[in-house]
Amino acid sequence: MRLFRKQFSALCAVAAIAVLAMPASAQNAPQKIPYPVKVVTLVTHSSPGAGSDVFLRELVRYLQKYVNATFIVENDEGGSGAKAVSRVASARPDGSMLYASSPTYILTSLLSKPANTYRDLEPMANFFTDSEVIYVRAESSIKTVKDLIDRAKTTRGRWGAANPGSLERQAAEQLKIAAKVNAAVVSHEGGGDMMINVLNGTLDMGVGEMEEIRAQYEAKKIRVIATFNGERIPALSDMPTVKESGYNVVLVKFRGIAGPKNLPPAITKIWDDVAQKILADPDYQKVYNAEHLSPHFIGHEQYGPFIAKFAADTGAYLKSTGVIR
Amino acid sequence: MEQFFTAVSMLFTTWVVPAALGGLIWGILGGATPGLSASITMALLLPFTYAMPPMPAIVMLATCYIGAEYGGSIPAILIRTPGTNASAATIMDGYEMNRQGRAGEALGLSLWSGVVGGLFGLAMLILLTEPLSRLALLFKPTTYFGLGILGLSVIASLSSKSLLKGLAAALVGLMISTIGTDPISGVSRFTFGAPDLLDGIAPLFVMVGLYAMTELMMRAGIMGNIIKPNASIRVRLPRLPMMKKVARSQAIGCGIGTVEGLMPGAGGTVAAFIAYNECKRWSKTPEEFGHGAPEGVAGPEAANNTVASASLIPLLSFGIPASNSGAVLLGGLLIHGLLPGPRLFEQNSDVVLGIYVGSFVADIAQVVVGAVILPLCVWLVNRPKPYRSAFILALILSGVYTVHMSLFDVGIVLASGMLGYFMKYFGYPFLPAVLGVVLGNLVESNYRRSLVLSGGDLGIFLEDPIAIGFFIAAALIMAGALLAEWRASRVRKAVSA
Amino acid sequence: MRKDIFSSAILLAIAGVYYWVSTDIPTSTLEDEVGPRGLPVVLAILLAMVAVVIGTRAFMTAPVAGGAPEDVEAPWPRAMGMWLIGAAYIPAADFLGYWIALLLLISVVAFYEGMKFSWRSALVALGGATFFWLLFSVLLGVRVPEARLFG
């Protein structure tokens, strides 16, 4: 979100406080996994209060429960993620400094020439996929993806996507191609003004993260009709995926952890272990289900190839559309 | 009535008062630091609120916003540096008053206008959230384009000496605004591969460079103080006759601030500039503007302080942030598990009530806090000039770094300072350039967005009644400015003949 | 009016360079009718036109004798000196760290502005640097530039 990104970042020693406020359930907590360093800094490129930041701060509470180390979240925002990547890439590979990875760092690497790119980081483990959905306003007659496509065939479709270079834009463009319609895809700056345009009927639909549109969803001002995720969202299991609806477009907006190159295998193994344990934690499940995050574990071995493929696909898309050369 | 008693009891039984005061003081200090805009000041506060219960945490953030919008005027008046984007409009007459030895009066005026604007915005928030939030839903890309054009039209009437030079400055400002990721297609423009430029150049950096850095350069080594020593460091709140004199400007500011508060993305900056222009137009003494007119401080300050409360309307009712500051507040709500939107008013009415009560406390407390810190600020800027210059430079370079923790941004400020020096040297006004930087993106992206929606049909702009209203207002402003220019040139000819 | 002729030449150059760089903006299939180059091209042309008008006007009007001088202004080398001190802060902060860079900045600017070195001025610089460091690093929790030289 451009709005968020425009802001700034700060060092936050809050994680420590969050630990003190941990629920009493820590008493019967399982044996904590030993970790080679005492303090682990998780670096994010998002500013305090923005998507990745909120995600990390919640994650830290549960990391604390399973791992014998103190976790600190630091925001390092400059250069659309370039600064955070450089910082982690040049850190000592002992597991003390890790990066909260999301598609942003790949997009920045592809769109500009930062000092360090995603190739200078070692992908470690994936935790979640954001739930990307197609939403329409409550009064809209569009109930399914088919309705949407039919509408776009008869009239000029008006579709919204949050940011010009975003994955949401990519998904909308690919849906257009897959359905062979010529809808206008209008990109915005952040989800806020797009939401208003969906609510006031300027747009037929918007593509956005479930987390961002929750307020309107729960107030029943909008309806969600399908998700771009590979599988159905657990908390909304009766909503189909776009792929099920007959258009082969899948969007995986991942959230995981990456570190400097040459991490010892012992550390990547710990994270493989931790990621699975945390995702299975019943308390955490309650939290992430409420936010419609879809758990999506990928271990160290497959995560590298996954990121490489993601970057290759995104790069190919950007090249085919002429956004980069 | 029952709500009222709950609100009163809140004052004594909860943390709302300390939270409001804490947020206010932090906000004023942050807002007064050049570089730290309201949103950054709030983002710096955010981590400290994580461990608090939700209500005081949110109150603290909301009052921090109020404090920051006010605080930005302090350096604008005293050292010609906008503390926040929105306070750039205050420089014109506020700094001029300071130069005339009227710093105490100017600070008192901005404080008083901050209180008026804050209370007005709060009243709108409490009484009219429902109807105003419905109004906010009417804003489309075409409306934003109209607003942007209205903002740009102000250039015509504020390029005091030469319309042509004003136009040139505006074009350079617009050029700066095109740096970064293209808002529609996502390609990079003028970034030369630097990731630091992908998000564009923040208007605040340009403003700090143009105003503060240029001023330091222009006055380098000149011992003669251009600022008349302030006879007294006392900060004077306006007396009744003055209050009456500026009431009209404040009313204009409050009205414009309310509308802009509702429009996501527009923010207080546009409100402050349009308010300045309108105050000048409706003033009985427009010729005083730019030469230390009290209305020129009162109008913009009332406007940007109204925005601080009015922008909570779309945020609380839809969860849509109307500004960067709103986005930070939204983050604060989310972190505390609060979901803004219609249900917030039912499920977490204590938080909503807390925001009302806290904002009220903060608006009133501004006067007391101001009375304590303002004399200190005036004393500080009256130190010997070598020290003052050194500390101003240290302050702006440190403050700007804080935004993205990037020395690259410090470089942008220096580059803007150089640009400002040349503009000043050749007699080009700053204001059009600043408006160009602030509005460029708004105008361009919404123009193109509208055309994408209509399939290239320009008729779409005529389907939006609010946009038409903005166009007409813009046309009137421009026509007025041209008329004034024509009259002035006739007077000149008559004199020289 | 010579200033106007000179500035119009600079504006023309800006318009030219800006236009030239804008040719480098990639064209994309995601583009609208206006396109990412639409506004830049318009801006460049408008600026060139305005520059030409300013220039010709300056040629045609007779120089006005003794326009009212504005406020006292520093001679340009002095102004550039101030700018260079600011510019030197960037590498200084990068290599020596925030506190030392500030200390230098405050002392040098104060000296440049005519304050003689003395115990008093050294104390002011020391106090100032420490104050800013406390404010930004400790109170606001900003990760200020660290000395690369000693790191």
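Reading the values: the criteria
Residues numbered from 1 in each chain as written. Chains lettered and ligands numbered in written order. Predicted model: local features only at pLDDT ≥ 70, side-chain atom pairs only at ≥ 80, totals over all residues. Heavy atoms only, no water. Helix = DSSP H or I, 4+ residues; strand = E, 2+ residues; numbered from the N terminus. Rg over C-alpha atoms; globule rule 2.2 N^0.38 Å. Buried < 20%, exposed > 50% of the residue type's maximum accessible area, 1.4 Å probe, protein only. Contact = heavy atoms within 4.5 Å. Areas by Shrake-Rupley, 256 points an atom, 1.4 Å probe, with all protein chains shown as cover. Lys, Arg positive; Asp, Glu negative; His and termini not counted. Charge placed at Lys NZ, Arg CZ, Asp CG, Glu CD. Phe/Tyr/Trp six-rings, centres within 6.5 Å; stacked < 30°, edge-to-face > 60°. Lys NZ or Arg CZ within 6 Å of the ring centre and 35° of its normal. Pairing = 2+ DSSP bridges. Axes fitted to C-alpha atoms, helices over the stretch in contact; angles between N-to-C directions. Parallel < 35°, antiparallel > 145°, perpendicular 65-115°, else oblique. Nonpolar A, V, L, I, M, F, W, Y, C, P; charged D, E, K, R; others polar. Salt bridge = Lys/Arg side-chain N within 4 Å of Asp/Glu carboxyl O. Core = buried A, V, L, I, M, F, W, Y, C linked by side-chain atoms within 4.5 Å. Domains from an automatic or database assignment. pLDDT = per-residue confidence, 0-100. Buried area = accessible area lost by both parts, 1.4 Å probe. Polar contact = N/O pair within 3.5 Å; in protein donor to acceptor, adjacent residues only side chain to side chain.

Draft legend 1. Broad picture of the overall build of chain B. For chain B, the count of helices and strands is 21 helices and two strands. A globule of 497 residues ought to have a C-alpha radius of gyration of about 23 Å, and chain B, at 22 Å, matches this closely. Among the 497 residues that make up chain B, the fraction classed as buried is 68%. When contacts within chain B are restricted to residue pairs at least 6 apart in sequence, long-range pairs at least 24 apart make up 79% of them. Counting only carbon and sulfur atoms, one obtains 69% of the accessible surface of chain B, whose full area is about 15900 Å². Taking the average location of the 30 positive side-chain charges in chain B and that of its 25 negative ones, the two points are 13 Å from each other.

Draft legend 2. Inspection of the packing of aromatic side chains at higher detail. Inspection of the entire model under this criterion finds 32 aromatic pairs over all chains. Measuring from centroid to centroid gives 4.5 Å for A:Tyr62 and A:Tyr284, while their planes differ by 20 degrees, and the two rings are stacked. In this pair, A:Tyr62 is assigned in helix α3 (residues 51–66) and A:Tyr284 in helix α11 (residues 282–290), connecting sequence segments 222 residues apart. The pair formed by A:Tyr62 and A:Tyr284 is uniform in burial state, with each residue classed as buried. Between A:Tyr303 and A:Phe306 the ring centres are 5.9 Å apart and the planes differ by 20 degrees, which places this aromatic pair in the stacked class. One end of the pair is A:Tyr303 and the other is A:Phe306, both in helix α12 (residues 300–320) and three residues apart, which spans about a single turn. In this structure, B:Arg383 is placed above the aromatic ring of B:Trp379, and the distance from its NZ or CZ to the ring centre is 4.0 Å.

Draft legend 3. Up close: the sheet that holds strand β6 (residues 132–137) of chain A. All names here are of chain A. Strand order in the open sheet made by the five strands is β8-β7-β9-β6-β10, with mixed pairing throughout. For this open sheet the edge positions go to β8 (184–187) and β10 (222–227), each flanked by a neighbour on one side alone. Taking each pair of neighbouring strands and ignoring which way they run, the sheet shows an average axis angle of 30 degrees. Lying over the sheet, helix α8 (residues 191–199) contacts β6, β7 (158–161), β9 (205–209) and β10, oriented at roughly 40 degrees with respect to β6. Each of β6, β9 and β10 is contacted by helix α9 (residues 210–218), which is oriented at about 145 degrees to β10, the strand it contacts most.

Draft legend 4. Seen up close, the packing of helix α10 (residues 203–218) of chain B against helix α3 (residues 76–96) of chain C. Relative to each other, α10(B) and α3(C) sit at 130 degrees, their axes nearing to 7 Å. Overall, the two elements α10(B) and α3(C) adopt an arrangement that is oblique. Taking contact as the criterion, the partners of B:Met213, B:Leu216 and B:Met217 in α10(B) are, on α3(C), C:Ala79, C:Met80, C:Met82 and C:Trp83. Partitioned by chemical class, the residues of the contact of α10(B) with α3(C) number seven nonpolar, no polar and no charged.

Draft legend 5. Looking closely at the pattern of salt bridges. Within this structure, the stated rule accounts for 36 salt bridges over all chains. Here A:Glu218 and A:Arg214 are joined by a salt bridge, their closest N and O atoms 3.9 Å apart. Of this pair, A:Glu218 and A:Arg214 are both found in helix α9, four residues apart, which corresponds to roughly one turn of the helix. Since its relative accessible area comes to 29%, A:Glu218 is described here as partly exposed. Notably, a salt bridge pairs C:Asp4 with B:Lys165, separated by 2.7 Å at the nearest N-O pair. Of the two residues, C:Asp4 is situated in helix α1 (residues 2–22) and B:Lys165 in helix α9 (residues 163–177); the pairing between them involves two chains. Three or more residues are tied together by salt bridges with common partners; here these are A:Asp130, A:Glu132, A:Glu168, A:Glu209, A:Glu211, A:Lys253 and A:Arg255.

Draft legend 6. Seen up close, the nonpolar core. Of all hydrophobic cores here, the largest spans 280 residues; its most connected members are A:Tyr105, A:Trp159 and A:Leu175. Take this core: its biggest share by element is 14 residues, from helix α17 (residues 349–381) of chain B. In this structure, A:Ile33, A:Val40, A:Ala100 and A:Trp271 belong to the second largest nonpolar core, which totals 34 residues.

Draft legend 7. Looking closely at the domain arrangement of chain C. Along its sequence, chain C is organised into domain 1 (2–60) and domain 2 (76–139). Distance between the C-alpha centres of domain 1 of chain C and domain 2 of chain C: 38 Å.

Draft legend 8. Quick peek at the confidence of the model for chain C. Residue and element names in this part refer to chain C. The predicted model of chain C has a mean per-residue pLDDT of 88, with 91% of residues at 70 or higher. Across chain C, the element-wise mean pLDDT spans from 92 in helix α5 (residues 119–139) up to 95 in helix α4 (residues 98–112). Every residue in residues 65–69 scores below 50 in pLDDT, and together they form zero contacts with partners more than four places removed in sequence or on other chains.

Draft legend 9. Up close: the interface of chain C and chain B. Tallying the contact residues gives 71 residues for chain C and 67 residues for chain B. Together, the buried faces of chain C and chain B total about 6000 Å²; carbon and sulfur atoms form 76% of this surface. For the pair chain C and chain B, the number of links is three salt bridges. Where chain C packs against chain B, one counts 14 residue pairs in polar contact (both at pLDDT 80 or more). It is α3(C) that contributes the most residues to the side of chain C that touches chain B, twelve residues altogether.

Draft legend 10. Spatial organisation of the side chain of B:Ser133. All names here are of chain B. Mapped onto the secondary structure, Ser133 falls in helix α7 (residues 103–136). Judged by relative accessible area, which is 7%, Ser133 ranks as buried. Beyond its immediate sequence surroundings of up to four residues, Ser133 is in contact with Ile313, Ser317 and Phe318.

Draft legend 11. Representation of the side chain of B:Ser185 within the structure. In this structure, B:Ser185 sits in the loop between β1 (180–181) and β2 (188–189). Discounting chain neighbours no more than four positions away, the residues touching B:Ser185 are A:Pro164, A:Arg169, A:Val323, B:Arg448, C:Ser28, C:Leu30, C:Glu31 and C:Pro36.

Draft legend 12. The arrangement of the interface of chain A and chain B in detail. Between chain A and chain B, the residue contacts involve 58 residues of the former and 57 residues of the latter. Note on chain A versus chain B: buried area summed over both sides is about 4700 Å², and carbon and sulfur give 62% of it. Taken together, the connections running from chain A to chain B amount to zero salt bridges. Taken together, the connections running from chain A to chain B amount to eleven residue pairs in polar contact (both at pLDDT 80 or more). Of the residues assigned to the side of chain A that touches chain B, the class counts are 24 nonpolar, 18 polar and 16 charged.

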